[in-house]
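As a plain string of letters, each chain reads:
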Protein chains: 2
Amino acid sequence: MLEDRGPCSAGHDGSSTIKDVLSRIGDKWSLLIIGMLDAGPQRFTALQRNVTGISHRMLTHTLRSLQRDGLVSRTSYPEIPPRVEYAVTPLGRTLIAPVLGLVHWADANHDEIQRSREAFDDAR
Amino acid sequence: MLEDRGPCSAGHDGSSTIKDVLSRIGDKWSLLIIGMLDAGPQRFTALQRNVTGISHRMLTHTLRSLQRDGLVSRTSYPEIPPRVEYAVTPLGRTLIAPVLGLVHWADANHDEIQRSREAFDDAR
DNA sequence: CCGCATCCGCAGCGATACTG
DNA sequence: CAGTATCGCTGCGGATGCGG
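All figures in this text were calculated on a predicted structure; none of them were measured in a lab.

Conventions adopted
Residues numbered from 1 in each chain as written. Chains lettered and ligands numbered in written order. Predicted model: local features only at pLDDT ≥ 70, side-chain atom pairs only at ≥ 80, totals over all residues. Heavy atoms only, no water. Pairing = 2+ DSSP bridges. Helix = DSSP H or I, 4+ residues; strand = E, 2+ residues; numbered from the N terminus. Contact = heavy atoms within 4.5 Å. Axes fitted to C-alpha atoms, helices over the stretch in contact; angles between N-to-C directions. Least-squares fit on C-alpha atoms with pLDDT ≥ 70 in both. Buried area = accessible area lost by both parts, 1.4 Å probe. Salt bridge = Lys/Arg side-chain N within 4 Å of Asp/Glu carboxyl O. Polar contact = N/O pair within 3.5 Å; in protein donor to acceptor, adjacent residues only side chain to side chain. Parallel < 35°, antiparallel > 145°, perpendicular 65-115°, else oblique. Left-handed = near helix turned anticlockwise from the far one by under 90°. Nonpolar A, V, L, I, M, F, W, Y, C, P; charged D, E, K, R; others polar. Buried < 20%, exposed > 50% of the residue type's maximum accessible area, 1.4 Å probe, protein only. Near = heavy atom within 4 Å.

## Comments concerning the sheet that holds strand β2 (residues 72-77) of chain A
Residues and elements named next belong to chain A.
Moving on, step 1. Reading across from one edge, β1-β3-β2 is the order of the three strands in this open sheet, with antiparallel pairing throughout. Each edge of the sheet is formed by a strand with only one pairing partner; in this case those strands are β1 (42-43) and β2.
Moving on, step 2. Pairing of β1 with strand β3 (residues 83-88) involves two bridges; the strand directions are antiparallel. Paired with Arg43 across the strands is Glu85, a residue of β3.
Moving on, step 3. Sitting on the sheet, helix α4 (residues 56-68) touches β2 and β3, and the angle it makes with β2 is about 110°.

## Quick word on the relation of the copies chain A and chain B
Moving on, step 1. Here chain A sits on chain B after a turn of 180° about the axis and a move of 0.0 Å along it, with an RMSD of 0.1 Å. Taken together, the turn and the small shift mark the pair as related by a two-fold rotation axis. Measuring from the rotation axis to each C-alpha of chain A, the shortest distance belongs to Gly26 of chain A, at 2.6 Å.

## Description of the interface of chain A and chain B
Moving on, step 1. Each side of the interface is counted separately: chain A has 55 residues, and chain B has 55 residues.
Moving on, step 2. For the pair chain A and chain B, the two sides together bury roughly 5000 Å², of which 68% comes from carbon and sulfur.
Moving on, step 3. Joining chain A to chain B, the criterion identifies four salt bridges.
Moving on, step 4. Viewed at the interface, chain B and chain A are joined by twelve residue pairs in polar contact (both at pLDDT 80 or more).
Moving on, step 5. Looking at the side of chain A that touches chain B, the elements that each hand over two or more residues are α1 (15-25), α2 (30-38), α4 and α5 (90-122) of chain A.
Moving on, step 6. Sorting elements by how many residues they give to the side of chain A that touches chain B places α5 of chain A first, with 22 residues.

## A word on the packing of α2 of chain A against α5 of chain A
All names here are of chain A.
Moving on, step 1. Contact pair α2 / α5: the axes reach a minimum separation of 10 Å and the direction vectors enclose 110°. Taken together, the axis directions place α2 and α5 in an arrangement best described as roughly perpendicular. Relative to α5, α2 is oriented so that their crossing is left-handed. From α2, Leu31, Ile34 and Asp38 reach across to α5, where they touch Gly92, Arg93, Leu95, Ile96 and Val99.
Moving on, step 2. Residues of the contact of α2 with α5, tallied by class, amount to five nonpolar, one polar and two charged.

## Regarding the pattern of salt bridges
Moving on, step 1. Scanning the model with the defined rule gives eleven salt bridges over all chains in all.
Moving on, step 2. Close ionic contact of Asp69 of chain B with Arg117 of chain A constitutes a salt bridge, the shortest N to O distance being 2.6 Å. Of this pair, Asp69 of chain B sits in the loop between α4 (56-68) and β2 (72-77) while Arg117 of chain A sits in helix α5, on two different chains.
Moving on, step 3. For Asp69 of chain B, a relative accessible area of 7% puts it in the buried group.
Moving on, step 4. Members of the salt-bridge network, linked through shared partners, are Arg24 and Asp69 of chain A together with Arg117 of chain B.

## Section: the sheet that holds β2 of chain B
Residues and elements named next belong to chain B.
Moving on, step 1. Pairing is antiparallel across the open sheet formed by three strands, whose spatial order is β1-β3-β2. This sheet does not close on itself; its edge strands, each paired only once, are β1 (42-43) and β2.
Moving on, step 2. Against the sheet, helix α2 (residues 30-38) engages β1, β2 and β3 (83-88), with an angle of about 95° to β3.

## Some words on the protein's contact with DNA strand C
Moving on, step 1. Not every one of the 18 residues close to DNA strand C is listed here, only the nearest: Thr45, Arg74 and Tyr86 of chain A together with Trp29 and Met58 of chain B.
Moving on, step 2. When the atoms of DNA strand C within 4 Å of the protein are sorted by group, sugar and phosphate make up 71%.
Moving on, step 3. Measuring from a sugar or linking oxygen of DNA strand C, one finds a side-chain N or O atom of Arg43 of chain A at 3.0 Å.
Moving on, step 4. Of all the elements in the fold, those that place two or more residues in the surface near DNA strand C are α3 (44-50), α4 and β3 of chain A together with α4 of chain B.
Moving on, step 5. Element by element, the count of residues in the surface near DNA strand C is highest for α4 of chain A, at four residues.
Moving on, step 6. Looking at the surface near DNA strand C, its residues break down into eight nonpolar, four polar and six charged.

Dropping the structure here:
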């Protein structure tokens, strides 16, 4: 819906699309979890160890919503004690590339932004 | 910090980078404003008209923080009544490409996600 | 080991009103 | 026209505890 306007322009009506994207990946944990799972399937507890700082509650919650969107798959093995493994789906994997684009951008421009902030703050 | 690991992996310690990105563009309005300004410089009031649904307060606030990060520039003309124009900086423009990557992804996979959700919800 | 429910603090955001 | 201040709501997300 925007891809046909030269350099870009996310305005006009791409608004809804952007809001969609943000509501899906803009929360605190979704991307971190997908990033973790990209290394390979993991159990609930492993995730909780590896995704630093996430609470039990939020891990459950976020995994649910990712599963609902088809970005992450859940397979539970009927054993005792129960074992549940999570993995990125093919769809989930396709998300990683564009996200990495952003990560690279942040990496590349982190310093400049930092300097800009200091300059701005000094001007008070 | 991640760019050297084949397909990807945003986990391990790219965490901080991802959090950085999210805190900068993950809010409700930043991307929409940058998208608007990409079409050309605009005055405060024009932005408020064009960015649908934004409040006076949030427009001021978001513009400030974008300006602070060096993504948007502010030039005020000392007239009466006052006139202030906002524009994307070169740095701000470099952000648009990676964001469009995400927008395209959302566009391309919107339907599949939608179906996945319905399937998931039916399973209750 | 894993999931769900409850309680609650806190930040984001909107509405409104007032200044230059 | 542009910016600032105050107030109140709402929802995210953390802590904790119970159940399977």
